[in-house]
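Each chain, written out:
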Amino acid sequence: TAIHASYSAPTDQVVVFGSSISVAGINLDALRSELLASRSIEAVSAVRIPPWSPGFSSTRLSRSAEGFATGKQTRVTVVAHDFFQTFGMTLLAGRLFAKGFNDEPPANARLSPNVVVDRLLTVEIGFAHPENAIGAVVHFPGADATQPAGQARIIGVVEAQQQSLIGMGVRSNVYSFDPAQSGFPVVRISRNAIPEGLAAIDAPDSRRAARCSDSDRPWP
């Protein structure tokens, strides 16, 4: 089944695929390699829930394990490598998710051990400046009352960018790194080559080359 970009994301340079690569049997790393072979493609990443979807995941974050009652509800955005570069999001402090770091979560974890947050969340949980949040540990409740609280370390702060419907009083974002759970590719196209970029995304050869078995290329 062909995959087509279904709608534009917050910037006209970013296109979100309308189908999950896990359903289509496509490898994200292979797809990234094929698309980046075109000079019209600037970056490729993936998310668990596509931007502007009606549903979203959230959790309550606090700077102390006992502070959930006064913690802040924030949207959980699960992403793969190069997500922030794909959306052109400005890094204000710290670092982004990168290979060579222990950023990936253990199985069934609600958040990755290292997280990136937006500037709005740093303000909500009481940091005067983005750089003050780097290295801080935040706590979140377990999946249910029988599960212990979890914790994650803030490694980076990005400028806030609205990518979802506003609701339930949730304004800020915590970004969790989990490529295995990020099934919807997002692609940044060169502003000067948008028609060429869209053609590269829809090219049958690119989609065919990205389909592979375990023996062909490593799966994320």
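Residues numbered from 1 in each chain as written. Predicted model: local features only at pLDDT ≥ 70, side-chain atom pairs only at ≥ 80, totals over all residues. Heavy atoms only, no water.

Some words on the pattern of salt bridges
Heads up, the condition is: Salt bridges are defined as contacts in which a side-chain nitrogen from Lys or Arg sits within 4 Å of a carboxyl oxygen from Asp or Glu. Only DSSP runs of H or I with at least four residues qualify as helices, and only runs of E with at least two residues qualify as strands; both kinds are numbered from the N terminus onward. Residue burial is assigned from relative accessible area. The probe radius is 1.4 Å, only protein chains are included, and a residue is buried under 20% of its type maximum, exposed over 50%, and partly exposed in between.
Scanning the model with the defined rule gives 6 salt bridges in all. In this structure, the salt-bridge partner of Asp 82 is Arg 32, at a minimum N-O distance of 3.7 Å. Of this pair, Asp 82 sits in the loop between β5 (72-79) and α3 (83-86) while Arg 32 is found in helix α2 (residues 28-36), placing the two residues 50 residues apart along the sequence. Judged by relative accessible area, which is 11%, Arg 32 ranks as buried. Notably, a salt bridge pairs Glu 124 with Arg 171, separated by 3.9 Å at the nearest N-O pair. Remark: Arg 171 occurs in the loop between β9 (150-158) and β10 (173-177) and Glu 124 occurs in helix α4 (residues 119-124); sequence separation between them is 47 residues. Take Glu 124: its relative accessible area is 21%, and that puts it in the partly exposed class. Residue classification places Arg 171 among the partly exposed residues on the basis of a relative accessible area of 47%. Salt bridges sharing partners connect three or more residues here, namely Asp 29, Arg 32 and Asp 82.

Some thoughts on the packing of aromatic side chains
Our working definition: Here is the rule: rings of Phe, Tyr and Trp (six-membered ring for Trp) pair when centre to centre is within 6.5 Å. Planes less than 30 degrees apart are stacked, more than 60 are edge-to-face, and the remainder are tilted.
On inspection of all chains with the given rule, the structure shows 6 aromatic pairs. Here Phe 84 and Phe 97 contribute two aromatic rings whose centre-to-centre distance is 6.0 Å and whose plane-to-plane angle is 40°, an arrangement assigned as tilted. On the criterion of sequence distance, the pair formed by Phe 84 in helix α3 and Phe 97 in the loop between β6 (91-94) and β7 (114-118) is long-range, its members being 13 residues apart. Since its relative accessible area comes to 7%, Phe 97 is described here as buried.

In short, shape yes, function no, at least from these values alone.
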